[in-house]
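The chain contents come next:
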Amino acid sequence: MTPDLYELDAFAAVARHRSFRKAAAERGITASAMSHAMRTLEDRLGARLLNRTTRSVTLTEAGEMLLRRLSPALQEVAEALTDLAAMQEQTSGTLRLNMPRPAARLAVGPILARFISAHPRVQIEIVTDDGLSDIVSAGFDAGIRFGERLAGDMIALPIGPPQAFVMVASPSYLAQHGAPQKPADLLSHACIGRRFPSGTRYAWELSDKGRPLTLSVNGALVLDDDVLMIQAARDGLGIAYVYATMAGDELARGDLVAALPAWNAPASRFFYTIQDDVISRRRCGHL
C-alpha cells in the first residue's frame, strides 16, 4: 500500500529532529503515536528507515536515500501551499466585464486607476457592447447594465452616481430654429436620433411632472454613440438627448445649451451585475 503525504512528511520531521518526541510535538501528537506511524511506514515500504535506540534516532541507508529524494518534493508542496494562502489573502485573477460604452466611460473609467492600484494582481478585460450580450453565455464574469435592463436572475449592485440625460443644442441652432417650449415642439425640430445595435430606434424618455412620457422624434441624423451626438449638436445639426455628464464641459463653456430641462427623465443608475449561479464558479479569487 502506497504511503500518504502525511506519513512521508512525518518521516521527514523525525529525520530533521532526530527525535520522535520533537517531531511529535511539532504535529501535536504523542511520541508513541509518531513511533507507531513510522513503523507502519516502514512496513508499507518494506524497508527499515530509522535506527532507534533509547537515546537517539538515526537514518539507515534507505532512510538517507528517501530523505534526499523526498525533501525537495516536500519543500515544493510547502511553497505551493504558502503561495495559495497568499493568493487567497489578496484578490487576484482575471475579471472579464461586459458593458455598454456609456457605462465604461461614466461608471467604470473614473475608478479604474484606483481599483488597479488597490488590486495589482487582478487583470481586467473590458468589452464595450451596446448590444447587451448575455453575460454568462458570452463567457463574461460580470457586467454593467442599465437599471431598467436587469435580468431577473441577476444579482445587481449600484455602481457610480446616478446618471441623468439632458437635451442639448448649439446656441446657433436654437437662434435659427427657435427653442422648443414643450415636448411636442421637438417633432418639428431636427433631433439627433439614437439607434441600438438591435436595430431599434430609441424613443426619447421624458418626464411630465414625474409621469413618464415617451416621444419618437424625427431627424436626418441617427447615431449610436453619445460622443458623436454631442459633436453633431455642437456643430448645429440638431438637438441631442445625451448623458448630462458627457456634455458637461460643452454646457459649461456655452458650446451647448440645455433644451427643455424641466422635461428630462429622472436620473438612473448603472448596476454591476452577476448571475446568481455564477458566483461559486468565478475564476477570480475574491472578485
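Quick look at the structure, then. Along each chain, numbering runs from 1 in the same order as the chain's sequence is written. Per-residue local features are limited, in this predicted model, to residues with pLDDT of at least 70; the limit for side-chain atom pairs, both in listing and counting, is 80 or more; totals at the level of whole chains, interfaces and linings are taken over all residues. With hydrogens and water stripped out, all remaining heavy atoms of the structure feed into the side-chain values.

From N to C terminus, the chain includes eight helices and 14 strands. What makes two residues a contact is simply this: any of their non-hydrogen atoms within 4.5 Å. In the chain, the share of contacts with a sequence separation of at least 24, taken over all contacts with a separation of at least 6, comes to 71%. Surface exposure here means Shrake-Rupley accessible area, sampled with a 1.4 Å probe, where a residue is shielded only by the protein chains that are shown. Accessible area for the chain stands at about 15800 Å²; split by element, carbon and sulfur atoms hold 55% of it. What counts as a helix is a DSSP run of H or I of at least four residues, what counts as a strand is a run of E of at least two, and both are numbered from the N terminus.

Attention now goes to helix α3 (residues 31–45). Each helix should span, by expectation, one fewer than its residue count multiplied by 1.5 Å. For α3, which comprises 15 residues, the first-to-last C-alpha distance of 21 Å matches the rise-based estimate of 21 Å (1.5 Å per residue) to within 8%. Burial classes follow relative accessibility: with a 1.4 Å probe on protein chains only, a residue under 20% of its type's maximum area counts as buried, one over 50% as exposed, and anything between as partly exposed. Those residues of α3 that sit buried are M34, S35, A37, M38, L41 and E42. Seen along its axis, α3 keeps its buried residues to an arc of 160 degrees; they face one direction. Those residues of α3 that are exposed and aimed more than 90 degrees away from the buried face are S32 and D43. Those residues of α3 that are buried lie in contact with α1 (5–17), α2 (20–27) and β1 (50–52). Looking at the residues trailing α3, positive phi occurs at G46, about 70 degrees. Each C-beta atom gives one direction from the helix axis, and the arc is the one those directions make.

Once that is clear, we can look at the packing of aromatic side chains. Each aromatic pair joins two rings of Phe, Tyr and Trp (for Trp, the six-membered one) with centres within 6.5 Å, and gets the label stacked for planes under 30 degrees apart, edge-to-face for over 60, and tilted for any other angle. Overall, the coordinates contain five aromatic pairs when judged by the stated rule. Ring geometry for F165 against Y243: centres 4.3 Å apart, planes inclined by 35 degrees, an arrangement best described as tilted. Remark: Y243 occurs in strand β12 (residues 239–243) and F165 occurs in strand β7 (residues 165–169); sequence separation between them is 78 residues. The same class applies to F165 as to Y243, namely buried. Through a chain of ring-to-ring contacts, the aromatic side chains of F165, W204, Y241, Y243 and F270 assemble into a single cluster.

This part covers the environment of D130. Relative to the elements of secondary structure, D130 occurs in the loop between β4 (122–128) and β5 (142–146). Expressed as a C-alpha distance, the spacing of D130 and N98, which sit 32 residues apart in the sequence, is 9.3 Å. If we ignore the near neighbours within four places in the chain, the residues touching D130 are P100, R101, P102, P197 and D224. Side chain to side chain, D130 and R101 meet in a polar contact 2.6 Å long. Throughout this description, a polar contact denotes any pair of N or O atoms lying within 3.5 Å of each other; where both atoms belong to protein, one of them has to be capable of donating a hydrogen while the other can accept it, and for residues adjacent in sequence the pair is counted only when both atoms sit in side chains.

This part is about the nonpolar core. In summary, soluble globular proteins display a tendency toward joint burial of nonpolar side chains. Each nonpolar core is a collection of buried residues, namely Ala, Val, Leu, Ile, Met, Phe, Trp, Tyr and Cys, held together in the definition by side-chain atoms within 4.5 Å. Counting 46 residues, the largest nonpolar core has M167, L186, W204, Y241, V242 and F270 as the members making the most contacts within it. With residues near it in sequence (within four places) discarded, W204 still touches M167, L186, C191, I192, L213, T214, L215, V217, I239, A240 and Y241.

Bringing the sheet that holds strand β11 (residues 222–223) into the picture now. Sheets are built from strands that pair by backbone hydrogen bonding, the pairs being arranged parallel or antiparallel. The rule for pairing is simple: two strands pair if DSSP sees at least two bridges between them. Sheet architecture is open: five strands sit in the order β11-β8-β12-β7-β13, paired in mixed fashion. Looking at which strands have only one partner, the edges of the open sheet turn out to be β11 and β13 (257–259). Comment: axis = line fitted to C-alpha atoms, over the contacting stretch for helices; angle = value between 0 and 180 degrees taken between N-to-C directions. Relative to the sheet, helix α7 (residues 226–234) contacts β7, β8 (191–194), β11 and β12, its axis offset from that of β12 by approximately 145 degrees.

A word on a nonpolar patch on the surface. Patches draw on residues past 30% relative accessible area with no salt bridge. Two like charges within 9 Å are joined, as are two nonpolar side chains (Val, Leu, Ile, Met, Phe, Trp, Tyr) within 5 Å. By salt bridge we mean one thing: a side-chain nitrogen of Lys or Arg within 4 Å of a carboxyl oxygen of Asp or Glu. Side chains of L5, V77, L81 and L84 sit close together on the surface and give an oily, nonpolar patch of about 350 Å² of accessible area. If one sorts the elements of the nonpolar patch by residue count, helix α4 (residues 61–89) sits on top with three residues.

All right, on to the packing of α1 against α3 then. At their nearest, the axes of α1 and α3 sit 10 Å apart, and the two run at 115 degrees to each other. Judged by the twist between their axes, the crossing of α1 over α3 is left-handed. Every residue of α3 that contacts α1 at E7, L8, A10, F11 and V14 is listed here: M34, M38, T40, L41 and R44. Following the grouping adopted for this structure description, the nonpolar residues are Ala, Val, Leu, Ile, Met, Phe, Trp, Tyr, Cys and Pro, the charged ones are Asp, Glu, Lys and Arg, and the polar ones are all others, Gly among them. Partitioned by chemical class, the residues of the contact of α1 with α3 number seven nonpolar, one polar and two charged. It is the rotation of the near helix from the far one that decides the hand of a crossing: anticlockwise by less than a right angle makes it left-handed, clockwise makes it right-handed.

In contact at an axis separation of 8 Å, α1 and α2 are set at 130 degrees when each is read in the N-to-C sense. Taken together, the axes of α1 and α2 lie oblique to each other. As α1 runs across α2, the sense of the crossing is right-handed. Taking contact as the criterion, the partners of Y6, D9, A10, A13, V14, R16 and H17 in α1 are, on α2, F20, K22, A23, E26 and R27. Residue composition of the contact of α1 with α2, grouped by class: six nonpolar, one polar and five charged. Note on terminology: angles under 35 degrees are roughly parallel, angles over 145 are roughly antiparallel, angles of 65 to 115 are roughly perpendicular, and the others are oblique.

Positive phi outside glycine occurs at K209, with the angle close to 55 degrees. Along the chain, K209 turns up in the loop between β9 (204–208) and β10 (211–215). Assessed through its relative accessible area of 79%, K209 is described here as exposed. For L260, which is not glycine, the phi torsion reads 45 degrees and is therefore positive. Relative to the helices and strands, L260 is located in the loop between β13 and β14 (268–275).

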